[in-house]
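Examination of the molecular architecture
Here's the letter readout for the chains.
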Amino acid sequence: FTIHCSLFTISANILKMKTYRTIAGLNTVFLLVTLLAINACVFSSRLYVEDALVSMRAIRGAQMEYLSRFGRYGVLTDLAREQLIKSEMSDGENSRYTFNIQISESGYTLEAYPDSDVGSCFFMDQTGVIRASYNWQKRADRNSEAIGKQ
């Protein structure tokens, strides 16, 4: 009976060790999955920001072309109608960003802000300088910091 108890105790200890390793393994797997998910979110956020900047640069070029053709700046639907920007951008939505353009006699302003709480806000006017607010709750304006890569 003593041998049986000792074997039972040894078996119970081995079972506890296996359980511990399983729990530790699950914790490791959970940690890895969490880190991958966070990394994916950060990576996709950067992609949306880069897409927004590409769109702003495309609009900047389109405005210059539109100005040379018609002597004035155009709204997004004007630029899309002349095929100077992608037609999908004419509604002001692109890559989880909203683009808002205002036209005046002397120029234009363009704002781009994220549709969620992730990302930066951007501003550009007829000078072509893209400015950023890295706080999604504060929209960029002409007093915001100019981005490095114009």
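In short, a report on the structure. In this text, all values refer to a predicted model and were calculated from it rather than measured experimentally. (Residues numbered from 1 in each chain as written. Predicted model: local features only at pLDDT ≥ 70, side-chain atom pairs only at ≥ 80, totals over all residues. Heavy atoms only, no water.)

Right, let's get into the pairing of strand β2 (residues 97–103). Here 2 bridges tie strand β1 (residues 93–94) to β2, and the two strands are oriented antiparallel to one another. Within β2, the residue paired with N94 across the bridge is Y97. Between the antiparallel neighbours β1 and β2 lie 2 residues, among them S95 with a positive phi of about 50°. In textbook terms, the turn of a hairpin is the stretch between consecutive antiparallel strands, and for β2 and strand β3 (residues 108–114) this stretch comprises 4 residues. (Pairing = 2+ DSSP bridges. Helix = DSSP H or I, 4+ residues; strand = E, 2+ residues; numbered from the N terminus.)

Counting residues in each nonpolar core, the largest one holds 24 residues, and the members touching the most others are M56, I59, I85, F99, L110 and F122. Here this core gets 7 residues from one element, more than from any other, and that element is helix α1 (residues 2–70). (Core = buried A, V, L, I, M, F, W, Y, C linked by side-chain atoms within 4.5 Å. Buried < 20%, exposed > 50% of the residue type's maximum accessible area, 1.4 Å probe, protein only.)

Looking now at the sheet that holds strand β6 (residues 145–146). If you trace the 6 strands from one edge of the open sheet to the other, you get β1-β2-β3-β4-β5-β6, paired in antiparallel fashion. Two strands bound the open sheet, and with one partner strand each, they are β1 and β6. By the bridge criterion, 7 bridges tie β2 to β3 in an arrangement that is antiparallel. Following the sheet pairing, Y97 is matched in β3 by P114.

So, about the environment of T98. Structurally, T98 can be placed in strand β2. The class of T98 is buried, set by a relative accessible area of 14%. Expressed as a C-alpha distance, the spacing of T98 and P114, which sit 16 residues apart in the sequence, is 6.3 Å. Excluding its chain neighbours within four sequence positions, the residues that come into contact with T98 are G92, E93, E111, A112, Y113 and D115. A polar contact is formed between the side chain of T98 and the side chain of D115, at a distance of 2.6 Å. (Contact = heavy atoms within 4.5 Å. Polar contact = N/O pair within 3.5 Å; in protein donor to acceptor, adjacent residues only side chain to side chain.)

Under the counting rule described, the total for this entry stands at 3 aromatic pairs. Consider the rings of Y97 and F122, whose centres lie 6.2 Å apart with planes at 35°: the pair is tilted. On the criterion of sequence distance, the pair formed by Y97 in strand β2 and F122 in strand β4 (residues 121–125) is long-range, its members being 25 residues apart. A residue is classified by how much of its surface remains accessible, and Y97, at 1% relative accessible area, is buried. (Phe/Tyr/Trp six-rings, centres within 6.5 Å; stacked < 30°, edge-to-face > 60°.)

All quantities given are derived from atomic positions and should not be read as evidence of function.
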